[in-house]
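Chain and residue survey
Read off the chains here:
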Amino acid sequence: MPKVTFIEPGGRAVTLELKSGQTLMRAAMDAGLEGIEAQCGGNCSCATCHCYVQAPWLDKLRAPSDDERLMLLNVAAERLPSSRLSCQLRAEATLDGLTVQFPDRQS
Amino acid sequence: MDPNAPIVIVGAGQAGLQMAESLRHEGFAGSLTLCGEEPHAPYQRPPLSKKWLIEGGSTASLALKGPAVLERLKVTLRTDTRVSAIDRQHREVELADGTRLPYDRLGLATGSLPRTLPVPGASLTGVLSLRGIADSLAIGAAVRRCATERRPVVVVGGGFIGLEVAAAARKLGAEATVLEGLPRLMSRVTAPVVSESFARLHRAHGVELVFGAQVVEIVGHEGLVSAVRTRDGREYPAGCVVVGIGVDPDDLLARAAGLLCERGVVVDDCSRTSDPSIAAAGDCTARRAADGELVRLESVQNAIEQGKSAAAALMGQSRHFVAAPWFWSDQFDVKLQMVGLSRGYDQVVTRGDLDKPAYSAFYFRAARLLAVDSLNRIPDHMQAKRLLDHGLSPTPEQAADPRFELTSLLKAREATSTAGGA
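Just so we're clear, the structure is a prediction, and the values are computed from it rather than from any experiment.

Definitions and limits used
The written sequence of each chain sets the order in which its residues are numbered from 1. Both sets of labels track the order of writing: A upward for chains, 1 upward for ligands. Where totals are concerned, whole chains, interfaces and linings use all residues; where local detail is concerned, this predicted model gives features only for residues with pLDDT of at least 70, and gives and counts side-chain atom pairs only at 80 or more. Here, residues touch in the contact sense if the C-beta positions derived from the backbone fall within 7 Å of one another. Where helices and strands are cited, they refer to DSSP runs of H or I of at least four residues and of E of at least two residues respectively, numbered from the N terminus. Amino acid classes used here: Ala, Val, Leu, Ile, Met, Phe, Trp, Tyr, Cys and Pro are nonpolar; Asp, Glu, Lys and Arg are charged; the rest, including Gly, are polar. Two strands pair if DSSP finds at least two bridges between them. Our exposure labels follow a C-beta count within 10 Å of each residue's own C-beta, placed from the backbone: buried means 20 or more other C-beta atoms, exposed means 12 or fewer, and partly exposed covers the counts in between. In plain words, the nonpolar core is the set of buried Ala, Val, Leu, Ile, Met, Phe, Trp, Tyr and Cys residues that C-beta atoms within 7 Å link up. Every helix has an expected span of 1.5 Å times one less than the residues it contains. Domain borders in the structure are assigned automatically or taken from a domain database.

Between chain A and chain B, the contact holds 16 residues from the first and 19 residues from the second. Listed by contribution, the elements that provide at least two residues to the side of chain A that touches chain B are helix H1 (24-30) and helix H2 (66-72) of chain A. The biggest single contributor to the side of chain A that touches chain B is H2(A), with three residues. Among the residues making up the side of chain A that touches chain B, the classes are represented as seven nonpolar, six polar and three charged.

With that out of the way, let us pick up the pairing of strand E3 (residues 50-53) of chain A. Consecutive residues of a regular strand have side chains that alternate between opposite faces of the sheet. All names here are of chain A. When E3 meets strand E4 (residues 83-85), the two strands line up antiparallel, connected through three bridges. Among the inter-strand pairings, His 50 is bridged to a residue of E4, identified as Leu 85. In terms of strand pairing, E3 meets strand E5 (residues 99-101) through two bridges, oriented antiparallel. Its bridge partner being in E5, Val 53 is matched across the sheet by Val 100.

All names here are of chain B. As for its position among the elements, Ala 122 is in the loop between strand E8 (112-114) and strand E9 (127-129). Exposure remark for Ala 122: the 17 C-beta atoms within 10 Å place this residue in the partly exposed category. For the pair Ala 122 and Glu 217, spaced 95 residues apart in the sequence, the C-alpha separation amounts to 7.7 Å. Discounting chain neighbours no more than four positions away, the residues touching Ala 122 are Thr 116, Leu 117, Val 127 and Ile 218.

Here we take up the nonpolar core. In globular proteins that are soluble, nonpolar side chains generally tend to be buried together. Counting 147 residues, the largest nonpolar core has B:Val153, B:Cys240, B:Val241, B:Val265 and B:Ala280 as the members making the most contacts within it. Leave out the neighbours within four places in its chain, and B:Val265 touches B:Leu108, B:Asp251, B:Ala254, B:Leu259, B:Thr273, B:Ala280, B:Cys284, B:Thr285 and B:Ala286.

This part covers the environment of B:Gln337. Relative to the helices and strands, B:Gln337 resides in strand E23 (residues 334-340). Here the alpha-carbon distance between B:Gln337 and B:Ser374, two residues 37 residues apart in the chain, equals 5.1 Å. Here B:Gln337 is in contact with A:Ser45, B:Trp326, B:Trp328, B:Ser374 and B:His381, once residues within four sequence places are set aside.

A few words on helix H6 (residues 192-204) of chain B. Residue and element names in this part refer to chain B. For H6, spanning 13 residues, the distance from its first C-alpha to its last is 18 Å, which sits close to the expected 18 Å at 1.5 Å a residue. For H6, the complete set of buried residues consists of Val 194, Ser 195, Ser 197, Phe 198, Ala 199, Leu 201 and His 202. Gly 206 lies just past H6 and shows a positive phi near 85 degrees.

Here the focus is the domain arrangement of chain B. Taken domain by domain, chain B holds domain 1 (7-113 + 248-314), domain 2 (127-245) and domain 3 (333-421). Look at where the C-alpha atoms of domain 1 of chain B and domain 3 of chain B centre, and you get two points 33 Å apart.

All names here are of chain B. Where strand E18 (residues 265-267) meets strand E20 (residues 285-288), three bridges bridge the pair, whose relative direction is parallel. Residue pairing for E20: Val 267 is matched across the bridge by Arg 287. Taken together, the two bridges between E20 and strand E21 (residues 294-295) define a ladder with antiparallel strand orientation. Directly across from Arg 287, in E21, lies its bridge partner Val 295. Taking the residues that link successive antiparallel strands as the turn, the E20-E21 hairpin has five residues, and the phi of Gly 292 there is positive, at about 90 degrees.

Have a look at this one:
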């Protein structure tokens, strides 16, 4: 199962082993990590699970859906080319070693 | 005052959990107890009328946080625990089993209770309402049985919950009839144009909508529901009945304890109640707004934001919750996102394509933006949220013009504030 590293706004890095198909949002919420709110619970309706995907992983992820792309236009923290919604990123074996960082604010 | 004297939170939903987490985040190191009536750890409620109702799944999949989190935060979660009274004089909460838990400060997050139909037959087997996991499981089972036995699901109430349940029933293969007392859907919160879009959507998916339907009786056979009768004498056969006519804040404990309540526990912007050692958050509250009006919200955002404010209040700080309220609903292939409160609007303009539908309705009062409902128009919603949070308003003409960029108002404001600061 892929291991994904989450960096909280305070700089703490936490590595979690995800179940296949589990979203990064779900794993981060289950672990009670700081820096994510996920108010809509993974519905792509609120953009409060925003994360920055660290190089070189950005190109290895599935491209964002139209909904995700549109939600990303107005995230609370700065939008960067590496911005994604963690509720739309699902664990798969090829993502072992992925690192994402949560911004300082979600709402 | 001992800063580490115990805090008790009554209600283990989204707001109660948020209070507990935020208290630890703010540095509270004393004993922290979270009491919930249900057998579950804090979980998400929105999926209970949406995806989870349709697809099912484990209760664990609804959990807001993994089981290890509360342990790490040293929060004592007492499930299956009903609080029967708050003794403010002795600063204790009394549990149904007689146990008394001492508190120094108290958080209330008791949520809300579905309204029941005041008609004969309302307690027949097969008459259901939705609040918790057990209710969603019961509705799911009843709807599936209706689908198999080819009997209709009758939903009383054309609001969010009723419409989401009707959509779920159709997806599960059951016939669905919605009985709404008023002349249109979601009339309490949306403009006629939005109600009309949802009426078309539901009819296109085979939901029968009946307006002006005053339910006078639920008819049963051997204790089991069989039909719903309306004032005009019509009878709607029913395999099950789901009542979705709104909720009332559960302020019973607070009221009995003498806290100021008015259709909910009255709180200020910082979630403070009339007792300085008690804060309240979420569905159970009625927030006194700046203009003196009481605002009642039933939403995840409200639970989270008031939960944070309540925690701050219990720590002696002021954290104002003044962000524009937002809500969402999924019905068939339409994503409805709402921001702001449209109450008191005098003008509505639309932006986008009404037929698809992919448009937003902008609500104004005296040409100032109050609220925006977006149907499959994510950018409008996100931009409207930022406009309202910053107190900015397009003119109705600008809002209706799809070529006008709403973000230009935000950019103009940023430019002005930068220039002003220099």
